[in-house]
Amino acid sequence: MDITVFGMGYVGCVTAACLAEMGHSVTGVDLQQTKVSLINAGKSPVVEPGLRDLIARGVDSGRLRATRRPKALGDVSLICVGTPGNENGSLDLSQVERVVSEIGELLQHENSFHVVVIRSTVLPGTLDTVVRPLLEQKSGKQEGKDFAICMNPEFMREGTGIDDFYNPPFTIIGTCHDRASNRVAGMYSSIKASVERTSIPVAELIKYVSNMFHAVKISFANEIGNLSKRLGIDSHRLMEIFCKDTKLNISPYYLKPGFAFGGSCLPKDLRAILYKAKQLDLELPMLGAVLETNRRQVELAVNQIRKTGKNRVGFLGLSFKAGTDDLRESPTVVLIETLIGKGHKVAIYDEEVALARLIGANKDYIEQTIPHISSLMVPSLRDVIERSDVIVISKNTPQIQEVIANDVDSKLIIDLVRLRREVVNNSPNYEGICW
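Residues numbered from 1 in each chain as written. Predicted model: local features only at pLDDT ≥ 70, side-chain atom pairs only at ≥ 80, totals over all residues. Heavy atoms only, no water.

Draft legend 1. Expanded view of the overall build of the protein. Looking only at helices and strands, one finds 19 helices and 13 strands in the protein. Its C-alpha atoms give the protein principal-axis dimensions of roughly 80 × 60 × 40 Å. For the protein, the accessible surface area stands at approximately 22300 Å², while carbon and sulfur atoms represent 51% of it. Looking at the protein, you have 51 positive and 51 negative side-chain charges, and the mean spots of the two groups are 1 Å apart. (Helix = DSSP H or I, 4+ residues; strand = E, 2+ residues; numbered from the N terminus. Areas by Shrake-Rupley, 256 points an atom, 1.4 Å probe, with all protein chains shown as cover. Lys, Arg positive; Asp, Glu negative; His and termini not counted. Charge placed at Lys NZ, Arg CZ, Asp CG, Glu CD.)

The structure is reproduced here in structure tokens:
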């Protein structure tokens, strides 16, 4: 393909050189004449292992050149300019806007369909509110007809950029046009990585989510290290063992947005560690914020239910997760108690808890600690639906899935557990807690 890469900084240089190595014809664009001259001389304007040789091969083969002002665009334009942060945390999009304007003016003279790809890290909404309208304004053409926009975030680390380019965790292509998606996928066809085709907003946000999780991981490890040192424990050996658990610790488990955590382990153990840290005169600010985050997720559910304006609320599920009758620190119990306190009429069905009321290990807890909630339980799912205007899904079982798919009629549904899409049938009365 004939590709134009705007911005010859770290991301742009690595991207341009690697694409040229893959056989594409690449033109690098940058306002700084020094960068342009270095690239055309086969040298790298940034420090990155192996990049100078890659650029030299590209220039020598005639597949890579640089310029300050391109005369045409080719098949694909890649925007790789910086998006630095302002003092208040907002992004400075001036470089993106400048390049988009330049591309828009060049599009006036293009007769073939062109794809504009954003590699720069931008917040969700940027392509729809900044890039698309600016391109249409400057070009006088229509997005989707004459050209298309696409979000294609990069996942390269300084020092290992070339290897990261050729071996990414995945290739993200965010666009609503198949023609653009296929062209970008073709550009990366020789890279052996899964191609994730998705919406533009998801593609815009995924880079931020990845970086935030990396920051959380580092902070978590540091807080555990600080605690371990105070306790005389080898933190590196501890985390070495921790990382060997790929079932729960290093895995997709617990990484699905939903309701608050509960049960007999997580809240208790977190409080115990925070208390121990306090005894050691040690601050663990990230771990210390977890319980408050959890509390606010319950508060979010309360507000979501109350916002419906309905008074009768039915709960399908009471224990803290499916497959158990354990009600200790169940966030659903906290949610129900809050709604009762605000005057809502509540009906509850939970098959496992109903059984526990008769024979389970939690019988005493149910009867002595939460008898006011226990008295609100009804004998069947149908009873909950008949007595309620809002149905809250707080457990995911085959029985609950079946009744939601077939028997809820026009009831409002608030889902805390993420039922399958075919179960909710795109109901206009359906709302997830954070989806």
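Draft legend 2. Main features of the layout of surface pockets. The space that makes up the second largest pocket amounts to roughly 360 Å³. The wall of the second largest pocket is formed by 24 residues, among which Gly7, Cys80, Val81, Gly82 and Gln95 lie closest to the centre. Counting only elements with at least two residues in the lining of the second largest pocket, the list comes to α1 (10–21) and α4 (94–107). A total of four residues in the lining of the second largest pocket trace back to one element, the largest contributor, which is α4. Tallied by class, the residues present in the lining of the second largest pocket amount to nine nonpolar, eight polar and seven charged. (1 Å grid on protein atoms, 1.4 Å probe; cavity = no way out; pocket = protein on both sides within 12 Å on 5 of 7 lines; lining within 4 Å. Points joined across faces, edges and corners; volume = space filled by probe spheres on them. Nonpolar A, V, L, I, M, F, W, Y, C, P; charged D, E, K, R; others polar.)

Draft legend 3. Expanded view of unusual backbone geometry. For Asp281, which is not glycine, the phi dihedral falls at a positive 55°. Along the polypeptide, Asp281 turns up in the loop between α10 (266–279) and α11 (285–288). Using a relative accessible area of 69% as the deciding quantity, one classes Asp281 as exposed. Positive phi is not limited to glycine here, since Glu329 has a value of about 55°. Here Glu329 lies in the loop between β9 (312–316) and α13 (331–341). According to the relative accessible area criterion, Glu329 is partly exposed, its value standing at 35%. (Buried < 20%, exposed > 50% of the residue type's maximum accessible area, 1.4 Å probe, protein only.)

Draft legend 4. Region of the structure containing the pairing of strand β5 (residues 114–118). Burial analysis of β5 places five of its five residues in the buried class, which makes it a mostly covered element. Every second residue of β5 is oriented toward a common face, with His114, Val116 and Ile118 on one face and Val115 and Val117 on the other, all of them buried. For the segment spanning strand β4 (residues 76–79), α4 and β5, crossover handedness is right-handed. Sheet topology places β5 next to strand β6 (residues 147–151); five bridges connect them, and they run parallel. The residue bridging Val115 from the neighbouring strand is Ala148, located in β6. In terms of handedness, the path from β5 via helix α5 (residues 126–139) over to β6 forms a crossover that is right-handed. (Right-handed = clockwise from strand over helix to strand, strands pointing away. Pairing = 2+ DSSP bridges.)

Draft legend 5. Representation of the packing of aromatic side chains in the model. One pass over the structure, following the stated rule, counts five aromatic pairs. In textbook terms, an aromatic cluster arises when at least three aromatic residues are bridged by ring pairs, as seen for Phe165, Tyr166 and Tyr188. (Phe/Tyr/Trp six-rings, centres within 6.5 Å; stacked < 30°, edge-to-face > 60°.)

Draft legend 6. Spotlight on the side chain of Glu223. When you line up the elements, Glu223 lands in helix α8 (residues 200–231). No salt bridge forms around the buried Glu223; measuring N to O, its nearest opposite-charge neighbour Arg230 is 13 Å away. Ignoring anything within four residues of it in the chain, the contact list for Glu223 reads Leu284, Pro285, Met286 and Leu287. (Salt bridge = Lys/Arg side-chain N within 4 Å of Asp/Glu carboxyl O. Contact = heavy atoms within 4.5 Å.)

Draft legend 7. Local environment of helix α18 (residues 398–406). All of the buried residues along α18 are Ile400, Gln401, Val403 and Ile404. Where α18 is buried, its residues meet β9, α17 (381–386), β11 (390–393), β12 (412–415) and α19 (421–424).

Draft legend 8. Structural detail: α4. Under the 1.5 Å per step criterion, the end-to-end length of α4 is 20 Å for 14 residues, consistent within 8% with the ideal 20 Å. Within α4, burial applies to Val96, Val99, Val100, Ser101, Glu102, Ile103, Gly104, Leu106 and Leu107. Where α4 is buried, its residues meet β1 (2–6), β2 (25–29), β4, β5, α5 and β6. (Expected span 1.5 Å × (residues − 1).)

Draft legend 9. Quick look at the environment of Arg157. Here Arg157 is to be found in the loop between β6 and α6 (161–166). When the C-alpha atoms of Arg157 and Val47 are compared, they prove to be 12 Å apart, with 110 residues separating the residues in sequence. Ignoring any residue separated from it by four or fewer positions in sequence, one finds Arg157 in contact with Tyr10, Glu48 and Asp164.

Draft legend 10. Representation of the packing of α4 against α5 within the structure. For the pair α4 and α5, interaxial distance at closest approach is 7 Å and the crossing angle is 35°. Seen along the crossing, α4 lies across α5 with a hand that is right-handed. Facing α4, whose interface residues are Val96, Glu97, Val100, Ser101, Ile103, Gly104, Glu105 and Leu107, α5 presents Val130, Val131, Leu134, Leu135, Lys138 and Ser139. In terms of residue class, the contact of α4 with α5 is built from eight nonpolar, three polar and three charged. (Axes fitted to C-alpha atoms, helices over the stretch in contact; angles between N-to-C directions. Left-handed = near helix turned anticlockwise from the far one by under 90°.)

Draft legend 11. Representation of the packing of α1 against helix α3 (residues 51–61). Here α1 crosses α3 at 50°, and the two axes come no closer than 9 Å. Taken as axis vectors, α1 and α3 run oblique relative to one another. Considering only the axes of α1 and α3, their crossing is left-handed. Within the contact between the two elements, α1 uses Cys13, Val14, Ala17, Cys18 and Glu21 and α3 uses Leu51, Leu54, Ile55 and Arg57. For the contact of α1 with α3, the per-class residue count stands at seven nonpolar, no polar and two charged. (Parallel < 35°, antiparallel > 145°, perpendicular 65-115°, else oblique.)

Draft legend 12. Expanded view of empty space enclosed by the protein. Under the criterion given, the structure shown has one cavity of 30 Å³ or more. Counted as a void, the largest cavity has a volume near 110 Å³. Residue lining of the largest cavity: 13 residues in total, with Arg119, Pro153, Phe165, Pro168 and Phe170 positioned closest to the centre. A per-class count over the lining of the largest cavity returns eight nonpolar, two polar and three charged.

The values reported here are purely geometric and, on their own, carry no functional implication.
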